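Here are the chains, one letter per residue:
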Amino acid sequence: MFVRTVYATGHPDRIDRTLDGLRTEAVGLLAPQPGYLGYGLYADRALGKITMSSWWDTAQAERDSDRELGERRAELLAPLAGTVATDVWEAVAAAPPGDAGPGAGFRLVRAEVDPAKVDRLAEVFRERALPLLEKTDGFVTGAMLVDRARGRAVVGTIFADRASLEASRGPQADARAQASAAVGATIVSVEEFDVVLLDRRKR
């Protein structure tokens, strides 16, 4: 699977207008595209940050959808009037899709590692970190995405509510430290967002 992520920042006072547009249109635009597997929309309203991800069954499906929808995506993000960064990743590990309702929380962790060790990092996540996460109270789903050429990885985890997200901070920090030490990875950021919209399709 391949995942396109978008990270947008801007004026907090304009974030709700932008989120309303994405909530109204995003899934309707994405779902008819060949190879579509899912979409997630997450927000930090206090700081004016939006991140979103769309999931595709092949790299070609991701590229085709980007050509088809890139212009409209830019229009929907325009009210935020800030910066937009777009990346494409390979999904190397993922828990089964889950359902997340109002109040759910999303944690985004970014890491860097020697490109030669990306597969080892994915193995450690699949075999050590993910099983622990799946036993955590309130855990809904999670995934690791990688950019092999640049030695980058992101891990996204969703929890059913803010309380379970907060309770998981300590245990997940310990798991991150152990996994990163095992392969010499560096954690470069940890962020938390509200889950605004989650759409997952079965393969």
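That block above? That's the structure.
> Any chance you could explain the sheet that holds strand 2 (residues 36-44) here in plain terms?
Backbone-to-backbone hydrogen bonds join strands into a sheet, with any given pair of strands oriented parallel or antiparallel. Read around the closed barrel, eight strands run 1-3-2-8-5-7-6-4, paired in antiparallel fashion. Ignoring which end each strand starts from, the neighbouring axes of this sheet average 30 degrees apart. Here helix 3 (residues 118-134) sits on the sheet and contacts strand 4 (83-94), strand 6 (139-147) and strand 7 (152-159); the angle it forms with strand 6, its principal contact strand, is near 175 degrees.

> Can you walk me through unusual backbone geometry in this structure?
A negative phi angle characterises most non-glycine residues, just as the trans form characterises most peptide bonds. Although it is not a glycine, alanine 81 sits at a positive phi angle of roughly 55 degrees. Along the chain, alanine 81 falls in the loop between helix 2 (59-77) and strand 4.

> What is the right way to look at the layout of surface pockets in this model?
Taken as a whole, the largest pocket encloses approximately 480 Å³ of empty space. Ser53, Trp55, Ala143, Leu145 and Arg200 are, among the 32 residues lining the largest pocket, the residues nearest its centre. For the lining of the largest pocket, the secondary structure elements donating two or more residues are strand 1 (2-9), strand 2, strand 3 (49-56), strand 4, strand 5 (105-112), strand 6 and strand 7. At five residues, the largest contribution of residues to the lining of the largest pocket is made by strand 7. Taken together, the residues of the lining of the largest pocket sort by class into 20 nonpolar, seven polar and five charged.

> I'm lost on the packing of aromatic side chains in this one. Help?
Two measures describe an aromatic ring pair: the distance that separates the ring centres and the angle between the ring planes. Within the structure shown, the criterion is met by four aromatic pairs. For the ring pair tyrosine 36 and tryptophan 56, a centre distance of 5.6 Å and an interplane angle of 65 degrees mean the geometry is edge-to-face. Of the two residues, tyrosine 36 is situated in strand 2 and tryptophan 56 in strand 3; the sequence distance between them amounts to 20 residues. Accessibility classification places tyrosine 36 together with tryptophan 56 in one group, the buried group. Each member of the aromatic cluster is reached from another via a ring pair, and the members are Tyr42, Phe106 and Phe193. One residue, arginine 110, lies across the ring of tyrosine 7, its end atom 5.0 Å from the ring centre.

> I tried to follow helix 5 (residues 169-183) on my own but got confused; where do I start?
Note on helix geometry: an α-helix contains 3.6 residues per turn, so any two residues three or four positions apart are oriented the same way. Here helix 5 spans 21 Å end to end across 15 residues, near enough to the 21 Å set by a 1.5 Å rise per residue. Among the residues of helix 5, those classed as buried are Gln172, Ala175, Arg176, Ala179, Ser180 and Val183. Mapping the buried residues of helix 5 onto a view down its axis gives an arc of 125 degrees, with all of them on the same face. Counted as exposed and oriented over 90 degrees from the buried face of helix 5: Pro171, Gln178 and Ala181. Buried residues along helix 5 sit in contact with strand 5, helix 3, strand 7 and strand 8 (186-200). Directly beyond the C-terminal end of helix 5, a positive phi value near 75 degrees is found at glycine 184.

Thresholds, definitions, all that
- Residues numbered from 1 in each chain as written.
- Predicted model: local features only at pLDDT ≥ 70, side-chain atom pairs only at ≥ 80, totals over all residues.
- Heavy atoms only, no water.
- Pairing = 2+ DSSP bridges.
- Helix = DSSP H or I, 4+ residues; strand = E, 2+ residues; numbered from the N terminus.
- Axes fitted to C-alpha atoms, helices over the stretch in contact; angles between N-to-C directions.
- Contact = heavy atoms within 4.5 Å.
- 1 Å grid on protein atoms, 1.4 Å probe; cavity = no way out; pocket = protein on both sides within 12 Å on 5 of 7 lines; lining within 4 Å.
- Points joined across faces, edges and corners; volume = space filled by probe spheres on them.
- Nonpolar A, V, L, I, M, F, W, Y, C, P; charged D, E, K, R; others polar.
- Phe/Tyr/Trp six-rings, centres within 6.5 Å; stacked < 30°, edge-to-face > 60°.
- Buried < 20%, exposed > 50% of the residue type's maximum accessible area, 1.4 Å probe, protein only.
- Lys NZ or Arg CZ within 6 Å of the ring centre and 35° of its normal.
- Expected span 1.5 Å × (residues − 1).
- Arc of directions from axis to C-beta.

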